[in-house]
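So the chains spell out like this:
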Amino acid sequence: MSTYIVLGLIVLVVFYLVAIYNKLVALINQYKNGFAQIEVQLKRRYDLIPNLVETAKGYLKHESETLEKVIAARNTAATSLKNAQANPTDPKAIASLNGAESGLMSALGGFNLVMEDYPELKANENMIKLHEELATTENRIAFARQAYNDFAMNYNTYRQSFPNVVVANNTGHINDVTLLEFADTAEIQEAVNVSF
């Protein structure tokens, strides 16, 4: 009889450990999907920026340095996104993406400051449409980033809890997920909104 009790307890423990592992897998897939949603919006932004710069080129002939900074920051951010996309669990790749996105937001902020001196550019219909699209995209990025960070926090909390941490460490889930900490939403809105 005691053998059956011991075997029953062993089976229960095994099922419990399998349940913990399966939950870890589900949570990791959830945050990877969250990252994929951010990726879509970031790529949309990266595609809009060359159009924005091209529209501004005719007006900002003496501001080529500003335009070059925006394009360089965009290219750096796009490269960082590709690296993070290849391995969204790599903390260094996510930290690089965070830094590149901050640099891009800074460059866009400088671009918008320069635009203030060119009222005819601000009134350009293409520029108005591009800024509206960019502002919409920034809102989507903020929403997707919040969802990703929520998924990452759920994974981190579950992984760090006991006895989950024991299972996690023994099954390859040894790192916490790095949060995406782009510029604050208010900073993003300030960087892309131009008063027309």
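Here, the structure is the one placed above.
Residues numbered from 1 in each chain as written. Predicted model: local features only at pLDDT ≥ 70, side-chain atom pairs only at ≥ 80, totals over all residues. Heavy atoms only, no water.

(A) Summary view of the overall build of the protein chain. Counting secondary structure elements, the protein chain contains 7 helices and 0 strands. Written out in order from the N terminus, the α and β elements of the protein chain read α-α-α-α-α-α-α. Taking 16 Å as the expected radius of gyration for a compact globule of 196 residues, we find that the protein chain reaches 23 Å, considerably beyond that expectation. In terms of overall dimensions, the protein chain has C-alpha extents of about 90 × 25 × 20 Å along its principal axes. Split into buried and exposed, the 196 residues of the protein chain put 41% on the buried side. Intrachain contacts of the protein chain at a sequence separation of at least 6 include 80% that bridge at least 24 residues. Entry remark: accessible area of the protein chain is about 10700 Å², with carbon and sulfur atoms responsible for 56%. Across the protein chain, the centroid of the 16 positively charged side chains sits 8 Å from that of the 21 negatively charged ones. (Helix = DSSP H or I, 4+ residues; strand = E, 2+ residues; numbered from the N terminus. Rg over C-alpha atoms; globule rule 2.2 N^0.38 Å. Buried < 20%, exposed > 50% of the residue type's maximum accessible area, 1.4 Å probe, protein only. Contact = heavy atoms within 4.5 Å. Areas by Shrake-Rupley, 256 points an atom, 1.4 Å probe, with all protein chains shown as cover. Lys, Arg positive; Asp, Glu negative; His and termini not counted. Charge placed at Lys NZ, Arg CZ, Asp CG, Glu CD.)

(B) Structural detail: a nonpolar patch on the surface. A surface patch of nonpolar side chains, about 1100 Å² in accessible area, is lined by Met1, Tyr4, Ile5, Val6, Leu7, Leu9, Ile10, Leu12, Val14 and Val18. Counting through the fold element by element, Tyr4 comes out in helix H1 (residues 2-57). (Patch = residues over 30% accessible without salt bridge, like charges linked within 9 Å, V, L, I, M, F, W, Y side chains within 5 Å. Salt bridge = Lys/Arg side-chain N within 4 Å of Asp/Glu carboxyl O.)

(C) Seen up close, the packing of H1 against helix H5 (residues 125-160). Between H1 and H5, the least distance of the axes is 8 Å, while the angle of their chain directions is 165 degrees. The pairing of H1 with H5 is recorded here as roughly antiparallel in orientation. Relative to H5, the crossing made by H1 is left-handed. Taken together, the residues of the contact of H1 with H5 sort by class into 22 nonpolar, 11 polar and 8 charged. (Axes fitted to C-alpha atoms, helices over the stretch in contact; angles between N-to-C directions. Parallel < 35°, antiparallel > 145°, perpendicular 65-115°, else oblique. Left-handed = near helix turned anticlockwise from the far one by under 90°. Nonpolar A, V, L, I, M, F, W, Y, C, P; charged D, E, K, R; others polar.)

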